[in-house]
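Close look at the chain arrangement
Residue strings, one per chain:
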Amino acid sequence: MKHFKLFLVFILVLIVNSVSAQSTFDKWPAIKEFHEVMSATFHPAEEGNLAPIKSRSEEMMNQAAQLLKSAIPVEFRTDKILAAAQKLQLKSKGLHRLVQSQATDDEILKSITDLHNTFHEIVGLCSEEKK
C-alpha cells in the first residue's frame, strides 16, 4: 500500500510538470520549436545514434538563437530565464562547432546532454514563474 501511494504521488507530480511544460510551449512557440529539434536529436543520441544531431546541429544552433529573438512572453522575461536562454545559445554554438570539427562521439554526447539540461533549466524556470 505504501508503494502504491508513492506511485500515485509520483504520477501526480509527473502530470503537473507535463501540464506546466505544455502551457509554457503554448505561450512561447519558439521554445516549442527548439524542443522539437532537441527531442529529435537528444533521445537518439542517448541511445548511441548521433546521426540526427550531426545532421541537425546547425538547425539546433539557429533555433537557440531564435529563442532570444522571439517574442518572449512577459512572465518569462526574467533575468534568470534570459541568462539561461543565452547560455543555451552559447552551448548550441559550441555543439555545432564540435560537430563541424568532427569531435568524438563522447564529446558530442556530453555537449548535447549539457544542452538538454540547460533546456530543462529554462522550462523549469518558466514553470516557477507561472506559480
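Conventions we followed
Residues numbered from 1 in each chain as written. Predicted model: local features only at pLDDT ≥ 70, side-chain atom pairs only at ≥ 80, totals over all residues. Heavy atoms only, no water. Helix = DSSP H or I, 4+ residues; strand = E, 2+ residues; numbered from the N terminus. Contact = heavy atoms within 4.5 Å. Expected span 1.5 Å × (residues − 1). Buried < 20%, exposed > 50% of the residue type's maximum accessible area, 1.4 Å probe, protein only. Arc of directions from axis to C-beta. Salt bridge = Lys/Arg side-chain N within 4 Å of Asp/Glu carboxyl O. Phe/Tyr/Trp six-rings, centres within 6.5 Å; stacked < 30°, edge-to-face > 60°.

Moving on, we come to the environment of Ser111. As for its placement among the helices and strands, Ser111 is situated in helix α5 (residues 105–130). As a C-alpha pair, Ser111 and Leu95 span 16 residues in sequence and 5.8 Å in three-dimensional space. Discounting chain neighbours no more than four positions away, the residues touching Ser111 are Lys91, Leu95 and Leu98.

What follows covers helix α4 (residues 79–100). With 22 residues, α4 extends 32 Å from end C-alpha to end C-alpha; this agrees with the ideal 32 Å at 1.5 Å per step. Restricting attention to buried positions, one finds in α4 the residues Ile81, Ala84, Ala85, Leu88, Gln89, Ser92, Leu95, His96 and Val99. Looking straight down α4, one finds its buried side chains confined to an arc of 150 degrees; they lie on one side. Every exposed residue of α4 that faces more than 90 degrees away from the buried side is listed here: Asp79, Lys80, Leu90 and Arg97. Positive backbone phi, at 55 degrees, marks Gln102, one or two positions downstream of α4.

Now for the pattern of salt bridges. A full pass over the atoms with the stated rule returns five salt bridges. In this structure, Lys27 and Glu75 form a salt bridge, with 3.0 Å as the shortest nitrogen-oxygen distance. A residue pair is termed long-range when its members are at least 10 positions apart, and Lys27 in helix α1 (residues 2–27) and Glu75 in the loop between α3 (51–69) and α4 qualify at 48 residues. The residue Lys54 makes a salt bridge to Asp105 at a minimum N-O spacing of 2.9 Å. Of this pair, Lys54 sits in helix α3 while Asp105 is found in helix α5, placing the two residues 51 residues apart along the sequence. Residue class for Lys54 comes out partly exposed when judged on its relative accessible area of 39%. Assessed through its relative accessible area of 39%, Asp105 is described here as partly exposed.

Now for the environment of Leu50. Looking at the secondary structure, you find Leu50 in the loop between α2 (29–46) and α3. Along the sequence, Leu50 and Asp106 sit 56 residues apart, while their C-alpha atoms lie 9.9 Å from each other. Once you skip the residues sitting within four places of it in the chain, Leu50 turns out to touch Ala45, Asp105 and Ile108.

Turning to the packing of aromatic side chains, a few remarks are in order. Inspection of every chain in the model, using the stated rule, returns three aromatic pairs. Their ring planes at 25 degrees and their centres at 6.3 Å tell us that Phe25 and Phe119 sit as a pair that is stacked. In this pair, Phe25 is assigned in helix α1 and Phe119 in helix α5, connecting sequence segments 94 residues apart. Neither Phe25 nor Phe119 differs from the other in exposure class; each is buried. Taken together, the ring pairs connect Phe25, Phe34 and Phe119 into an aromatic cluster.

This part covers the side chain of Ser57. Among the secondary structure elements, Ser57 is positioned in helix α3. By relative accessible area, Ser57 is classed as buried at 2%. Setting aside chain neighbours within four positions, we find Ser57 in contact with His96 and Val99.

Nothing here speaks to function; it is all geometry.
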